[in-house]
Amino acid sequence: MTNENHSTTIPMKKMSPGEAEDFLNETGDENQERGNWSNKLDFILSCTGYAVGLGNVWRFPYLCYKNGGGAFLIPYLIMLAFTGLPIFFLEVSIGQYSSQGPITCWRSVPLLRGIGYGMVMVSIYVGVYYNVIIMYAIYYIFASFTKVLPWAGCRHEWNTDYCNEVFDECIGNQGIMNFSNACVNLTSLSDLDLDVYNITEENGVFDISNYSDPFAESRRRASEEYWKFHVLRESESLGDFGSIDWRLALCLMLAWTIVFFCLIRGVKSSGKVVYFTATFPYLVLFILLIRGLTLPGSTDGILFFITPRWEKLADPTVWLDAASQIFFSLSVAWGGLITLSSYNRFHNNCYFDAILIPIINCSTSIFAGFVIFSILGFMAHESNRKVEDVADQGFGLAFIAYPEVVASLPGAPAWSILFFVMLLTLGLDTQFTILETICTALSDHFPKQLRDRKTYVMLATSICGFLLGLTCITEAGPWWVSLLDSYGAGFVLVIFGLLECVAIGWIYGFKRFTSDIATMIGDKHVDTNIFKVWHLFWVIITPFMLAFVLLFNWINWKEPTYSEMPFPAWGVAIGWLIVSSIILWVPAIWIFEIATSKGTFQERVLQMLQPAPKWGPALHKHRLEADEVHRSRGTSMGGVITQRHAINDDFVVTEEQKVPLQDA
């Protein structure tokens, strides 16, 4: 047997299963067929990098200011406790216990095995456009290697007459913009013109305090025009593809190349890369905070961010935003957490991990809020505007607002490179796990065909991702990125979170699941009154709150838009096809399981409600241990124990190989 980490051929047939396991364990990994993290810190940093993504920097601060400032932390932390932590703990536990990816781990509840397929579909859709965002960061990094940043000023070929600095320069040169958007000197205006533009003149001194720009609503920042007209070259509709910019295509190829080579040895290579990619953003955020605090107006921005507006807590949408942000920022229900934890050693303390990583994630969001609003405070001060008028999120913050601020700082190129390298590392950590989720799911589902060829699976997936991503860098690309984001990673994740709670809390059984966890981390952690709270979460509180979020979302449903422009009808249809391709795996698996099972209809349904024979720990010694723990706690492991399990995942169970298990 040859595995991906060692080229040594091991004569398994000459050893008993127990002897074979002991020999394999001495060579390094606990699970030789799939591999393990080299150490616990690899896993912690990978999970942290996966959970702490772009949304922590460009979405949370905006939601905080929008929903009551400091008061928003109350619903945010409540939703963390009631929805985020329970599902996070559930996923890392089931992944570690089974040592399986997001598809095969649902051998625990065959009825809802479609959840795993749906998770992989989400990862495919998100993986295509997420690397496009990484590509933009790479593009801006290259663009920053210059003395003067290209988005500074309005004298470039992509700028229009509505660029903000054209107006500012006109005012600075003792002029105004007339109704034709032309700059005219104040001295050339007649008395009638002065009256029309609300300008007064006394002894040759003009007072323009009451003058307003006729085209104020049409003005765009120089950084915005660079983004829209030079980088995106965005079209006016979803179907107007136009051409592909070769520079963007090369950056996209570079993005996929980076991801592929960082994952070429699976968790062995990505587990080392994250030592840089997961920690570097914190260094940059700290540097940016120090720099931001030295800028005029920063205090106003921070006060605006943290000042509580308690009346906002009475608004149900505030609680919905808190639940959505917690749910999506922790990256639960994507399959990534199951994937990462499946490479843990069996007795890793996943309980500790499930508490630590979400706390790091949420603390990072709050810390990033201070950084971003210190910068936005300076931006408001420089432009004589209110902080709320310059606050932005998403692409608007990352590629318009912040670049504009950077352009006005001494040493602008250095600050720009620092910021966009931070965005790059934030994005890469998430993309690593997205791609690993897809490849792990495939190799676990087809172990004999793909497990020893996982590098080729990774290469093929990267090539497909690059080719599909070309759609997102056409002139209609921004429309497609928005479409994939809105329909491919929206409320379907909440549905999967709800189904996970139903599957484990109600069908598989929270008592059995607790015994699974006890097998891994010991009775002392689970036999406490505090741990019983998790039962309440998995069975009642978390599914109820997720059901409320879904119901509220559907009651107030509006079709997604791009920059407040609606998608065409055929675009909306594609969006719902994306949703269907994710959700329909659940009923499709029901039909498949019923059609391929034996017995009466009732017997087939009962089989779907019971764990599959292969369910349980991957290694034989851990299956024996699990069976013993389950028996002592009055539950059943659910799967069967076979002497061949440690050697071949595709075992055939015979009567003499079965170990009698206590009924569930």
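As a reminder, the structure under discussion sits directly above these lines.
This write-up is about the structure you can find in this document. Predicted model only: the values in this text are computed from it and were never measured.

What counts, and where the lines are drawn
- Within any chain, residue numbers begin from 1 and follow the written order of that chain's sequence.
- Per-residue local features are limited, in this predicted model, to residues with pLDDT of at least 70; the limit for side-chain atom pairs, both in listing and counting, is 80 or more; totals at the level of whole chains, interfaces and linings are taken over all residues.
- Only hydrogens and water are set aside when side-chain values are computed; all heavy atoms of the structure are taken into account.
- Put simply, DSSP marks the helices as runs of H or I at least four residues long and the strands as runs of E at least two long, and each gets a number from the N terminus on.
- All radius of gyration figures rest on C-alpha atoms, and the globule criterion is 2.2 Å times the number of residues raised to 0.38.
- Three exposure classes are used, based on accessible area relative to the maximum for each residue type with a 1.4 Å probe and protein chains only: buried under 20%, partly exposed in between, and exposed over 50%.
- The contact criterion used is simple: two residues touch if any of their non-hydrogen atoms lie within 4.5 Å.
- Per-residue and other accessible areas were derived by the Shrake-Rupley procedure at a 1.4 Å probe size, with only the shown protein chains allowed to occlude residues.
- We count Lys and Arg on the positive side and Asp and Glu on the negative side, and we leave His and both chain ends out.
- Think of each charge as sitting on NZ of Lys, CZ of Arg, CG of Asp or CD of Glu.
- Only residues whose relative accessible area exceeds 30% and that form no salt bridge are eligible for patches; like-charged ones are grouped when within 9 Å, while nonpolar side chains (Val, Leu, Ile, Met, Phe, Trp, Tyr) are grouped when within 5 Å.
- Each reported salt bridge corresponds to a side-chain nitrogen of Lys or Arg within 4 Å of a carboxyl oxygen of Asp or Glu.
- In a helix, the anticipated span is given by 1.5 Å times the number of residues less one.
- Counting rule for disulfides: a pair of cysteine sulfur atoms within 2.5 Å.
- Centres within 6.5 Å make a pair out of two Phe, Tyr or Trp rings, where for Trp the six-membered ring is used; the pair is then stacked when the planes are under 30 degrees apart, edge-to-face when over 60, and tilted otherwise.

A few words now on the overall build of the protein chain. For the protein chain, the helix and strand inventory stands at 29 helices and six strands. In summary, the protein chain has a C-alpha radius of gyration of 28 Å against a globular reference of 26 Å for 664 residues, a match within 12%. Taking the principal axes of its C-alpha atoms as reference, the protein chain extends roughly 110 × 50 × 50 Å. Counting only residues that meet the buried cut, the protein chain has 57% of its 664 residues in that class. A sequence separation of at least 24 residues applies to 79% of the contacts in the protein chain between residues at least 6 apart. Carbon and sulfur atoms form 63% of the exposed surface of the protein chain, whose accessible area is close to 27400 Å². Charge centroids of the protein chain, computed over 43 positive and 61 negative side chains, lie 12 Å from each other.

Together, L283, F286, I287 and I290 make up a nonpolar patch on the protein surface, roughly 350 Å² of accessible area in all. Here I290 is to be found in helix α12 (residues 280-293).

On to helix α10 (residues 246-262). The end-to-end C-alpha distance of α10 is 24 Å, a good match for the 24 Å that 17 residues give at a rise of 1.5 Å each. The complete set of buried residues in α10 reads L248, A249, C251, L252, A255, W256, V259, F260 and C262.

This next bit is on the state of the cysteines. Scanning the entire structure with this criterion turns up two disulfides. Each sulfur of the disulfide joining C154 and C163 lies 1.7 Å from the other. Every disulfide takes its handedness from the sign of the S-S torsion; for C154 and C163 that torsion is -60°, giving left-handed. Comparing C154 with C163, the two get one shared label, buried. C170 shares a disulfide with C183; S-S distance 2.1 Å.

Attention now moves to the environment of P410. Tracing the backbone shows P410 in the loop between α18 (394-407) and α19 (412-445). With near-sequence residues (within four places) excluded, P410 lies in contact with R291 and W415.

The next subject is the pattern of salt bridges. What the rule picks out here adds up to 20 salt bridges. The closest approach of N and O atoms between E33 and R451, which form a salt bridge, is 3.2 Å. Of the two residues, E33 is situated in the loop between α1 (17-26) and α2 (40-51) and R451 in the loop between α20 (447-450) and α21 (454-469); the sequence distance between them amounts to 418 residues. Relative accessible area serves as the criterion here: at 9%, R451 is assigned to the buried category. Each member of the salt-bridge network shares a partner with another, and the members are E33, R34, D444 and R451.

Attention shifts here to unusual backbone geometry. Look at N198: it is not a glycine, yet its phi comes out positive at around 60°. With respect to the helices, strands and loops of the structure, N198 is situated in the loop between α8 (191-196) and β3 (200-202).

A few words on the packing of aromatic side chains. Applying the stated criterion across every chain yields a total of 53 aromatic pairs. Ring geometry for Y136 versus F399: centroids 6.0 Å apart, planes at 70°, classification edge-to-face. On the criterion of sequence distance, the pair formed by Y136 in helix α6 (residues 114-143) and F399 in helix α18 is long-range, its members being 263 residues apart. What makes Y136 buried here is its relative accessible area of 3%. When the ring of F241 is compared with that of W480, the centres are 5.9 Å apart and the planes differ by 20°; the resulting orientation is stacked. Taken together, the positions of F241 in the loop between α9 (222-232) and α10 and W480 in helix α22 (residues 477-488) put the pair 239 residues apart, joining distant regions of the chain.

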